[in-house]
Amino acid sequence: MNQPDTQRRSWIPVLLPPVAVAALLRGLGLEGQVLADDGLHSVHAALTLTVGQIFGTFTFGGADYGVPLTAFSRFLMDRGVTFSEWTFRFPSLLAGLAAVIVLPRLATPRVGRFAAIALAWLIAISPMLVFYSRIIRPY
């Protein structure tokens, strides 16, 4: 068994609890959260503009939207993917959960394993990171 494989597997049991807590916090009450205001700018632009138009401008109807997320949504729509409120939220939720895994792993060589595990927990429970993982707007 090589060393990198052993190190990779040793992270799994350590990061599972913060990822589980992060998923719980990000999903708690999400079905009752109303999609409104800034979150709809990206949705309206994706429904109305082509991918080329999305990359050509940064505003739609006087409001700005996140170009990469909007273009990705439109790209998928053009290929027949049917979107719902959950599918519009999915990239933000996925990024919020990935941060709990990726950021501590990247920080480990610099801060050490113990601090990286603490960072995973802090990312998992940070109120602002939980909030921004739940909205469609890619701030």
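This section reports on the structure supplied with the text. (Residues numbered from 1 in each chain as written. Predicted model: local features only at pLDDT ≥ 70, side-chain atom pairs only at ≥ 80, totals over all residues. Heavy atoms only, no water.)

**Concerning the overall build of the chain**
Next, step 1: Scanning the chain from N- to C-terminus turns up seven helices and two strands.
Next, step 2: Taken from the N to the C terminus, the helices and strands of the chain come in the order α-α-α-β-β-α-α-α-α.
Next, step 3: Based on the C-alpha atoms only, the size of the chain along its principal axes is roughly 50 × 35 × 25 Å.
Next, step 4: Sorting the 139 residues of the chain into buried and exposed places 33% on the buried side. (Helix = DSSP H or I, 4+ residues; strand = E, 2+ residues; numbered from the N terminus. Buried < 20%, exposed > 50% of the residue type's maximum accessible area, 1.4 Å probe, protein only.)

**Considerations on a nonpolar patch on the surface**
Next, step 1: On the surface, Ile-101, Val-102, Leu-103 and Leu-106 cluster together to form a nonpolar patch covering roughly 360 Å² of accessible area.
Next, step 2: Following the sequence through the fold, Leu-103 ends up in helix H5 (residues 85-111). (Patch = residues over 30% accessible without salt bridge, like charges linked within 9 Å, V, L, I, M, F, W, Y side chains within 5 Å. Areas by Shrake-Rupley, 256 points an atom, 1.4 Å probe, with all protein chains shown as cover. Salt bridge = Lys/Arg side-chain N within 4 Å of Asp/Glu carboxyl O.)

**Focus: the nonpolar core**
Next, step 1: The biggest cluster of nonpolar side chains holds 10 residues, and these are Trp-11, Leu-15, Val-19, Ala-22, Ala-99, Val-100, Ala-116, Ala-120, Ile-123 and Ala-124.
Next, step 2: Of all elements in the fold, only helix H1 (3-27), H5 and helix H6 (113-125) reach the threshold of two or more residues within this core.
Next, step 3: Ignoring any residue separated from it by four or fewer positions in sequence, one finds Ala-116 in contact with Trp-11, Pro-104, Thr-108 and Val-111.
Next, step 4: Of all hydrophobic cores here, the second largest spans seven residues; its members include Val-43, Ala-46, Leu-69 and Phe-88. (Core = buried A, V, L, I, M, F, W, Y, C linked by side-chain atoms within 4.5 Å. Contact = heavy atoms within 4.5 Å.)

**Some words on the packing of aromatic side chains**
Next, step 1: On inspection of all chains with the given rule, the structure shows two aromatic pairs.
Next, step 2: Relative to Phe-88, the ring of Phe-83 lies with its centre 4.7 Å away and its plane at 45°, an arrangement referred to as tilted.
Next, step 3: With a centroid separation of 5.2 Å and 70° between ring planes, the pair formed by Phe-131 and Tyr-132 is classed as edge-to-face.
Next, step 4: By relative accessible area, Phe-131 is classed as partly exposed at 42%. (Phe/Tyr/Trp six-rings, centres within 6.5 Å; stacked < 30°, edge-to-face > 60°.)

**A look at the packing of H5 against helix H7 (residues 127-134)**
Next, step 1: Relative to each other, H5 and H7 sit at 150°, their axes nearing to 7 Å. Taken together, H5 and H7 sit at an angle that is classed as roughly antiparallel. Along the contact surface, H5 presents Arg-89, Ser-92, Leu-93 and Gly-96, while H7 presents Tyr-132, Ser-133 and Arg-134.
Next, step 2: The residue makeup of the contact of H5 with H7, split by class, is two nonpolar, three polar and two charged. (Axes fitted to C-alpha atoms, helices over the stretch in contact; angles between N-to-C directions. Parallel < 35°, antiparallel > 145°, perpendicular 65-115°, else oblique. Nonpolar A, V, L, I, M, F, W, Y, C, P; charged D, E, K, R; others polar.)

Function cannot be inferred from these measures alone, as they are strictly geometric.
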